[in-house]
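Architecture at a glance
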Amino acid sequence: MYRVLLVDDEPFARMGLRATFDWEGNGFRLVGEASNGKNALPWIERNEVDILITDIAMPVMDGLELIRTARERCPQMKFILLSRHSDFAYVREGMRMGASDYLLKPTLEPADLKEVLAKVVDQITEDRKINELYAKQELSGKRLELEKAFAKLLVGEPAPLPWNEELPWLKDGYRIILCLLDGAGHLRSEDGGVFMEIMIEEAQESFYGMAEDGIAFRGGADQLVLVVPEPPVWEEYLKSVLTCFHAALKARGFSFTLGISGKYQGIERFKQAITEGRHAVKRRFYEGPGGIYPYMTDCGGAAGIEESKLLLSRFKASLRDAEKEQALRDLEGLFRRWSSHRPAPLQVKREAQEPLTLFHLLKDNRTVPIEQIEALRYIETVEEVKGWIRAAFEALWKPEEETEEESGFHRRIVGRAIDYLKHHYTQNISLQEVADHVAMSKNYFSELFKKDTGQNFIDYLIRLRLKRACELLRTTTLKVYEVAEMSGFNDVKYFGKVFKKVMRMSPAEYREKAE
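Right, let's walk through the structure included here. (Residues numbered from 1 in each chain as written. Predicted model: local features only at pLDDT ≥ 70, side-chain atom pairs only at ≥ 80, totals over all residues. Heavy atoms only, no water.)

Focus: the nonpolar core
Judged by nonpolar contacts, the single largest core of 65 residues is most densely connected at F150, W163 and L226. In terms of residue count, the dominant contributor to this core is helix 8 (residues 192-210) (eight residues). Among all residues touching F150, those that are not within four sequence positions of it are W163, L167, L170, I215, F217, V227, I267 and F270. Membership of the second largest hydrophobic core comes to 26 residues, among which are F285, Y286, V348 and A392. (Core = buried A, V, L, I, M, F, W, Y, C linked by side-chain atoms within 4.5 Å. Buried < 20%, exposed > 50% of the residue type's maximum accessible area, 1.4 Å probe, protein only. Helix = DSSP H or I, 4+ residues; strand = E, 2+ residues; numbered from the N terminus. Contact = heavy atoms within 4.5 Å.)

Regarding the pairing of strand 7 (residues 215-220)
Where strand 7 lies against strand 8 (residues 223-229), five bridges are found, and the strand directions are antiparallel. The residue bridging R218 from the neighbouring strand is L224, located in strand 8. Connecting strand 7 to the next strand, strand 8, in antiparallel fashion are two residues. (Pairing = 2+ DSSP bridges.)

A word on the packing of helix 2 (residues 37-45) against helix 3 (residues 63-73)
Packing of helix 2 against helix 3 brings their axes to within 10 Å, and their N-to-C directions diverge by 15°. What the angle tells us is that helix 2 and helix 3 run roughly parallel. For the pair helix 2 and helix 3, the crossing hand works out as right-handed. Residues G37, A40, L41, I44 and E45 of helix 2 touch helix 3, and the partners they reach there are L66, T69, A70 and R73. In terms of residue class, the contact of helix 2 with helix 3 is made up of five nonpolar, two polar and two charged. (Axes fitted to C-alpha atoms, helices over the stretch in contact; angles between N-to-C directions. Parallel < 35°, antiparallel > 145°, perpendicular 65-115°, else oblique. Left-handed = near helix turned anticlockwise from the far one by under 90°. Nonpolar A, V, L, I, M, F, W, Y, C, P; charged D, E, K, R; others polar.)

Section: the state of the cysteines
Tallied over the full model, the rule gives zero disulfides. Here C244 stays unpaired: no disulfide links it, and the sulfur of C179, its closest cysteine neighbor, is 14 Å away. We classify C244 as partly exposed; its relative accessible area is 38%. (Disulfide = S-S within 2.5 Å.)

Quick word on helix 22 (residues 492-503)
Look at helix 22: 16 Å from first C-alpha to last across 12 residues, which is about the 16 Å you get at 1.5 Å a residue. Listing the buried residues of helix 22 in full gives Y494, F495, K497, V498, F499 and V502. (Expected span 1.5 Å × (residues − 1).)

With respect to the side chain of T54
Position of T54 relative to the elements: it lies in strand 3 (residues 51-55). Judged by relative accessible area, which is 0%, T54 ranks as buried. Setting aside anything within four residues of it in sequence, one finds T54 in contact with V7, G63, L66, I67, I80, L81 and L82.

Describing the sheet that holds strand 7
Taken together, the five strands give an open sheet; going across it, the order is 7-8-6-9-10, and neighbouring strands pair in mixed fashion. The open sheet has two edge strands with one neighbour each: strand 7 and strand 10 (292-294). Pairwise comparison of adjacent strand axes, ignoring direction, gives a mean angle of 25° for this sheet. Bridge count for strand 6 (residues 174-181) against strand 9 (residues 256-260) is five bridges, and the pairing is antiparallel. Bridging across to strand 9, L178 finds its partner in G259. Against the sheet, helix 9 (residues 234-251) makes contact with strand 6, strand 8, strand 9 and strand 10, and its axis sits at roughly 160° relative to strand 9, the strand it touches most. Lying on the sheet, helix 10 (residues 270-281) is in contact with strand 6, strand 7, strand 8, strand 9 and strand 10; it crosses strand 6 at an angle near 40°.

Topic: helix 3
Residues three or four positions apart in an α-helix share a direction because the helix packs 3.6 residues into each turn. G63, L64, L66, I67, T69 and A70 are the residues of helix 3 that are buried. On the buried face of helix 3, the contacting elements are strand 1 (2-7), helix 2, strand 3, strand 4 (78-83) and helix 4 (88-96). N-capping of helix 3 is provided by D62, with a side-chain oxygen placed 3.2 Å from the backbone N of L64. (Polar contact = N/O pair within 3.5 Å; in protein donor to acceptor, adjacent residues only side chain to side chain.)

Digging into the sheet that holds strand 1
Pairing in this open sheet of five strands is parallel, and the strands run 2-1-3-4-5 from one edge to the other. Looking along the sheet, the strands with just one partner apiece sit at the ends: strand 2 (28-34) and strand 5 (101-104). Averaged over all neighbouring strand pairs, the angle between strand axes comes to 20°, with direction disregarded. As judged from the five bridges shared by strand 3 and strand 4, these two strands associate in the parallel manner. Each bridged residue has a counterpart across the sheet, and for L52 the counterpart in strand 4 is F79. Strands in contact with helix 1 (residues 11-19) are strand 1, strand 2 and strand 4; relative to strand 2, the strand with the most contacts, it is inclined by about 170°. Seen against the sheet, helix 3 touches strand 1, strand 3 and strand 4 and runs at an angle of roughly 155° to strand 3.

Okay, structure coming up:
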């Protein structure tokens with residue numbers, strides 16, 4: 001309902017306006033009426049008026065003086081003038097002062113009033129849109145400033161903002177939530193970073209769309225860091241905001257693991273909170289991706305290094321003596337120690353390098369390629385590390401002919417996958433679906449696909465879709481959202497971002513250039 005105040009020194013004029021028009025039926029509410037400008041001021045001072053309908057000629061305070069005063073106190077208010085034929089000079093002055101329109105009292109009909117009010121409502125709607133846009137721009141600018149300041153703090157640079165003024169809740173209590181993109185290792189390639197960047201941007205926008213307070217900023221190529229105020233009941237916030245945020249990302253095909261710090265107070269404790277968030281998110285290595293993990297004091301460390309050295313020494317001896325079964329038992333012993341003691345992921349990967357290097361030395365050029373050791377950096381779970389080493393261990397004992405035969409089999413598998421992709425890329429297809437189609441585990445298939453094609457799975461899929469989109473933009477007059485849908489993108493906003501990142505121009509610019 002739009003709030004309307006009637007001001008006229010003639011009681012019958014006010015009664016006529018009140019009685020001859022269906023105010024509520026047309027979306028308006030009469031908040032009151034006054035006989036002159038001075039009597040109208042209380043409603044204006046209480047900011048209870050959207051539309052002021054006022055006569056021009058009145059005693060005490062006339063309509064023009066009322067408009068002048070009201071504009072100073074409520075700049076967003078709209079004005080409609082009531083006049084007689086002899087008041088045109090005053091009408092012109094009122095319009096110059098910002099009145100939206102005027103009505104002639106002697107010939108006023110309900111239809112005239114309805115038409116003028118509809119015009120004013122359009123003006124109010126447009127003003128509100130503009131104000132919302134300005135507010136969003138102002139908020140966006142302030143957020144960007146805070147995001148940059150937090151990013152500086154993250155790398156140890158000073159960020160002298162008036163934190164208590166900008167984010168007063170920091171002194172009361174906050175938590176750090178580190179959001180780590182799952183599968184980032186499979187997205188890293190020449191163009192893979194493009195899609196990682198888009199996913200992080202989408203996650204950031206999703207957070208701001210759900211949370212009333214908090215700051216989200218980039219913590220790395222595959223990380224988004226959230227700084228959130230500590231609510232009265234943390235468990236309720238966890239369910240209402242974080243769980244919904246996590247589920248919304250998953251629904252869009254993005255998998256993130258969330259690590260949550262304990263409660264801290266004051267910006268000077270920011271580094272400690274970040275450290276806890278980083279430790280918490282490392283639980284992914286043992287407990288799997290896609291979880292929400294609070295910080296625990298036993299989140300891994302440099303535990304049992306001497307025991308690992310002993311197990312690795314025994315494994316090397318068994319391997320040199322070609323005692324496959326004993327070597328396998330020693331290897332599995334190392335794996336069990338990892339799972340039970342949970343050393344830090346970096347320690348596990350360092351220990352994993354030793355058997356992989358040994359395989360290379362024993363097998364010469366027929367071993368698992370040395371790039372597998374480099375690939376360990378991007379492996380995200382201990383089970384993947386174990387699987388990687390087991391596969392390399394088994395390859396060590398295979399005859400050369402069998403290895404070559406297996407290589408041919410792998411090429412055929414990738415060929416089947418590519419054929420499946422070309423027939424289904426416009427559908428909501430995933431790495432898991434294609435891996436299931438060729439009867440392989442997702443991680444093994446992903447590495448195999450990258451090795452055979454030179455591209456990550458997501459890069460290959462996106463490029464198929466973009467090729468189709470370019471074709472449709474060149475040869476049809478379909479709208480951009482229709483092109484996106486027919487190319488396999490179910491989100492036109494995401495399509496626009498990907499297209500511009502890869503093609504260096506928007507879909508509309510591409511179409512215009514193609515013409």
